[in-house]
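Here is what each chain is made of, one letter per residue.
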Amino acid sequence: MLVALYYAVGLWGFVFTPDAHGIPLVWPATGVGLAFVYLYGYRLIPAVGFASALVAWQFTGDMVPLLETLGTVTATMAGVALGAYALHRLGFSPRLERLRDVGLLLSVGALTGSGLAATAGAWGIAVGMDELSFTDTWWLCWMADLMGLALVAPVLMTWLGAPLARPTDRAYLKGFLLIASLISVTAVVYSGFLPAGVAMPLSYAAFPLVMLAALRCPVQVTTTLMLAGGGIALSGTGWGLGPFAELGLDTSLLSLNAQLALLVLTGLVLTALRGEREAAETRARRHLDQLARAGRLSTLGELSAGLAHELNQPLCALASYAQASKRLLERGRMDELGEALSQLDAGAHRAAETVRQMRAFAAGQAPERRTIRPDALVRPVLDLLRPEFRSRHLRLELKVEPHLPAVTVAPVQIEQVLVNLLRNAIEALEGRRDGRVELGLQREADHLQLHIRDNGPGIPPYRLAGLFDPFSTWKENGLGLGLSISRSLVEAHGGCLTVSNMPEGGAEFRFTLPLEHSDARP
Ligand code: ADP
């Protein structure tokens, strides 16, 4: 594959982009060599040597002497090997998702791959053709190598080195449409049918298309787009067609090269910036998960007294059923023994269920989203907090609108929001006799709305503004993280969390969750 591709792009360079002396002004072969050796290892270096010897023998055999040709081949192999080595050593990633990777590919390519290949090429050509100076030829060869590398290496690196990350059908479709549009526009611009005054500005149509791909499509689409656009533009110009052709072959290709270099830079830099932003978002999500987990553990610690009490009851019951069973067995009353053992069994299950709830809440399983009925969403929270309500003699009123559609959420995260808000309400009712908390669920247009209302002191107006800021707490041993974590969790679900004071006293926290299939009825 390497030899065939190397030969094909070499042939293309000689046929489409030769200057007056036959030196190709775009030389993607070095980029092919560098990408293959980087991706598949140094054992491909002899293949690069073979391919470059084949190309030299085919296209420059009659003008460059054998010794110089051998020098060219050796320098090409050395450049590619050194380039691949440098990329490995410097921690390059072929996904091109960081600015660093784009910078590394271009600078390592410019210094080693293109630099050495250009030196060798220029030397061979300058020796072969007396009228050319080494410096001028070197400069041309270097630019040709770097331009070719910038067009072809990103495509090979991203398609072969970074398999598509689970592309959705829409991403494919968008990519296909973009590639088709770019090919059509570029083909029209470089067909030679349009007057230069129209074709020149139209040649910039490639920029918005590449930018759109960089921001919206998998990186492979962007790199392919740039190669397709660049390939057509260069081939057209090489044939003397299109807006740049008027300038004469050498100048036209160099001028087009400059435009393409900017296009490639735009595409690669935007892709990298998007990749970096996405990576930062992923990191932020992970931090939120960790923070949420820490919050859960601390809540569980605070709930432990109530839970221990909750666990104690079934355990005491178990002990007495066990004693009763023993007595029944001693007296030989087998008929009643069956009943006592069933009670024992049921009690053990109840205790196990409490422990399971605690563990599920603490472990917080993976925050995977699933579609769940709203009443099933709140039930575990109520089970967890019931002892707390009971021991403080608080009333909990549940108001659930009938026929609520299911929501798609990460249940463990919404449970955490509910626990935080309900516990705040419980704490606000500390020491009150007629304490009452209302948990309501109703549908509001395309949202599910949940509210937690208490008849406590409410929130002083001057505290309302910064209430959701981290570490804003007015409790002696509070952390002030509950509300800030809760708001982040709700917003991560596309909802919002707000607070207000009730006219009759007490605070009300409301949050929404989008109903994705708002027509769905249970
Ligand atoms: P913490 O509970 O650790 O203090 P939160 O972020 O959960 O942290 O709460 C921040 C502050 O908001 C609390 O210290 C409390 O003063 C106030 N607050 C929260 N909910 C209520 C409520 N239902 N009634 C009155 N004040 C509340």
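The rules behind these values
- Numbering of residues starts from 1 in every chain and runs along the sequence as written.
- Under the rules for a predicted model, residues below a pLDDT of 70 receive no local features and side-chain atom pairs below 80 are neither given nor counted, while totals for whole chains, interfaces and linings still include all residues.
- Side-chain figures throughout are based on the complete set of non-hydrogen atoms in the structure, without hydrogens or water.
- UniProt positions are given in the numbering used here, feature names are shortened, and annotations may be inferred rather than shown by experiment.
- In short, DSSP must find at least two bridges between two strands for them to pair.
- Think of it this way: any DSSP run of H or I at least four residues long counts as a helix, any run of E at least two long counts as a strand, and we number them from the N terminus.
- To get an axis, a line is fitted to the C-alpha atoms, and for a helix only the part in contact is used. The angle between two axes follows their N-to-C directions and goes from 0 to 180 degrees.
- The hand of a helix crossing depends on one turn: near helix anticlockwise from the far one by less than a right angle means left-handed, and clockwise means right-handed.
- Any pair of residues with heavy atoms lying within 4.5 Å of one another is described as a contacting pair.
- The classification used treats Ala, Val, Leu, Ile, Met, Phe, Trp, Tyr, Cys and Pro as nonpolar, Asp, Glu, Lys and Arg as charged, and all other residues, Gly among them, as polar.
- Any residue with a heavy atom lying within 4 Å of a molecule or strand is counted as near it.
- Side-chain atoms alone can form a polar contact between residues adjacent in sequence; in general such a contact is a pair of N or O atoms within 3.5 Å, and within protein one must be able to donate a hydrogen while the other accepts it.
- For the accessible areas, the method is Shrake-Rupley and the probe is 1.4 Å, while residue cover comes only from the protein chains on display.
- By this rule the span expected of a helix is its residue count minus one, scaled by 1.5 Å.
- Burial classes follow relative accessibility: with a 1.4 Å probe on protein chains only, a residue under 20% of its type's maximum area counts as buried, one over 50% as exposed, and anything between as partly exposed.
- Salt bridge, as used here, is a side-chain nitrogen of Lys or Arg placed within 4 Å of a carboxyl oxygen of Asp or Glu.
- Nonpolar core, defined: a set of buried Ala, Val, Leu, Ile, Met, Phe, Trp, Tyr and Cys residues in which side-chain atoms within 4.5 Å join the residues together.
- Throughout, the term roughly parallel applies to angles under 35 degrees, roughly antiparallel to angles over 145, roughly perpendicular to angles from 65 to 115, and oblique to all others.
- Note on aromatic contacts: the rings of Phe and Tyr and the six-membered ring of Trp form a pair at centre separations within 6.5 Å, being stacked when their planes are under 30 degrees apart, edge-to-face when over 60 apart, and tilted otherwise.

Where an unreviewed UniProt entry is consulted, the chain appears under the name histidine kinase, with the organism given as Thioalkalivibrio nitratireducens. Checking UniProt for the chain, the heading Subcellular location (unreviewed entry) contains the comment "Cell membrane". The Catalytic activity (unreviewed entry) field of the UniProt record for the chain holds the comment "ATP + protein L-histidine = ADP + protein N-phospho-L-histidine."

Another aspect to go through is the sheet that holds strand β7 (residues 507–514). What holds strands together in a sheet is hydrogen bonding between their backbones, with the strands either parallel or antiparallel. Taken in spatial order, the 5 strands make up an open sheet running β2-β4-β5-β7-β6, and their pairing is mixed. Strand pairing shows two members of the sheet lacking a second neighbour, β2 (395–400) and β6 (497–501), which therefore form its edges. Taking the axes of each pair of neighbouring strands and ignoring which way they run, one obtains an average angle of 15° across the sheet. Relative to β7, β6 is paired through 5 bridges, and the arrangement is antiparallel. The residue bridging V499 from the neighbouring strand is F509, located in β7.

Each packed pair of helices is defined by two parameters, the angle between the axes and the distance between the axes. Closest axis-to-axis distance for the helix α14 (residues 411–428)/helix α16 (residues 482–492) pair is 9 Å, and the angle between their directions is 145°. Once α14 is placed against α16, the crossing between them reads as left-handed. Contact residues: α14 offers Q413, Q416, V417, N420, L421 and N424, while α16 offers G482, L483, I485, S486, L489 and V490. Tallied by class, residues from the contact of α14 with α16 come to 6 nonpolar, 6 polar and no charged.

As a further point, take the side chain of S93. Looking at the element boundaries, S93 is found in the loop between α4 (66–89) and α5 (99–128). Those residues in contact with S93 that sit more than four places away from it in its chain are Y38, R98 and D101.

This part takes up the site of the ligand. As a matter of local geometry, the ligand sits amid 19 residues, with N424, D454, T473, K475 and L483 nearest to it. Within the side chain of N424, an N or O atom sits 2.8 Å from an oxygen atom of the ligand. About the coverage of the ligand: the protein hides 90% of its 540 Å² of free accessible area. Among the residues making up the shell around the ligand, the classes are represented as 10 nonpolar, 7 polar and 2 charged.

Once that is clear, we can look at the UniProt feature "transmembrane region" (unreviewed entry) in the chain. Listed under "transmembrane region" (unreviewed entry) in the UniProt record, and renumbered for this structure, are residues 34–57, 69–90, 102–125, 137–159, 171–190, 222–241 and 253–273. Across residues 222–241, the secondary structure splits into 85% helix and 0% strand, with the terminal C-alpha atoms separated by 25 Å. Secondary structure over residues 253–273 splits into 100% helix and 0% strand, and the C-alpha atoms at its two ends are 30 Å apart.

Working note: α-helix, 3.6 residues per turn, so residues spaced by three or four point in the same direction. Taking 1.5 Å of rise per residue, 18 residues should cover 26 Å, and helix α13 (residues 374–391) covers 26 Å from first to last C-alpha, within 8% of that figure. Listed as buried for α13 are P374, L377, V378, V381, L382, L384, L385, P387, E388 and F389. Just past α13, the residue H393 takes up positive phi, approximately 55°.

All right, on to the pattern of salt bridges then. Across all of its chains, the model carries 15 salt bridges by this definition. Where R386 meets D383, a salt bridge forms, and the shortest distance between an N and an O atom there is 3.0 Å. Taken together, the residues R386 and D383, both in helix α13 and 3 residues apart, mark about one turn of the helix. R432 serves as the salt-bridge partner of D434, at 4.0 Å between the closest nitrogen and oxygen. A single network of salt bridges, built from pairs that share partners, joins K399, E438, R453, E508 and R510.

The residue L116 is located in helix α5 in this model. It is 24 Å that separates the C-alpha atoms of L116 and L256, two residues lying 140 residues apart in sequence. Sequence-distant contacts of L116, defined by excluding residues within four places in its chain, comprise A75, A78, G79, L82 and L111.

Turning next to the nonpolar core. Of all hydrophobic cores here, the largest spans 77 residues; its most connected members are L87, F92 and L234. If one sorts the elements of this core by residue count, helix α6 (residues 134–161) sits on top with 13 residues. Those residues in contact with L87 that sit more than four places away from it in its chain are L34, Y38, F92, L104, L105, V108 and M157. I372, I452, A507 and L515 belong to the second-largest nonpolar core, a separate cluster that totals 49 residues.

As a further point, take the pairing of strand β4 (residues 436–444). Note that β2 and β4 share 6 bridges and pair parallel. When the bridges of β4 are listed, L398 appears paired with L439. Following β4, the chain reverses through 2 residues before pairing antiparallel with strand β5 (residues 447–454); A445 in that reversal takes a positive phi of roughly 50°.

It is worth spelling out the packing of α4 against α5 at this point. For the pair α4 and α5, interaxial distance at closest approach is 8 Å and the crossing angle is 175°. Considered as vectors, α4 and α5 are oriented roughly antiparallel to each other. Across the interface between the two elements, E68, G71, T72, A75, A78, G79, L82, G83, A86 and L87 from α4 touch L104, L105, V108, T112, G113, L116, A120, G121, W123, G124 and V127 from α5. Here the contact of α4 with α5 is built from residues that sort into 12 nonpolar, 8 polar and 1 charged.

This paragraph deals with the environment of D469. Note that D469 resides in the loop between α15 (461–464) and α16. Counting along the chain gives 18 residues from D469 to H451, while the straight-line C-alpha distance between them is 20 Å. In this view, D469 contacts G480 and S484; residues no more than four positions away in its chain are not counted.

A word on helix α10 (residues 219–238). Compared with an ideal rise of 1.5 Å per residue, which puts 20 residues at 28 Å, α10 spans 28 Å between its outermost C-alpha atoms and is within 8% of the ideal. A large share of α10 lies buried, amounting to 16 of its 20 residues. Within two residues after α10, G240 carries a phi angle of roughly 85°, on the positive side.

A separate point is the packing of aromatic side chains. For the structure on display, the rule yields 11 aromatic pairs. Measuring from centroid to centroid gives 5.6 Å for F16 and W239, while their planes differ by 80°, and the two rings are edge-to-face. Of this pair, F16 sits in helix α1 (residues 2–16) while W239 sits in the loop between α10 and α11 (249–330), and the two are 223 residues apart along the sequence. Note on W239: relative accessible area 58%, which makes it exposed.

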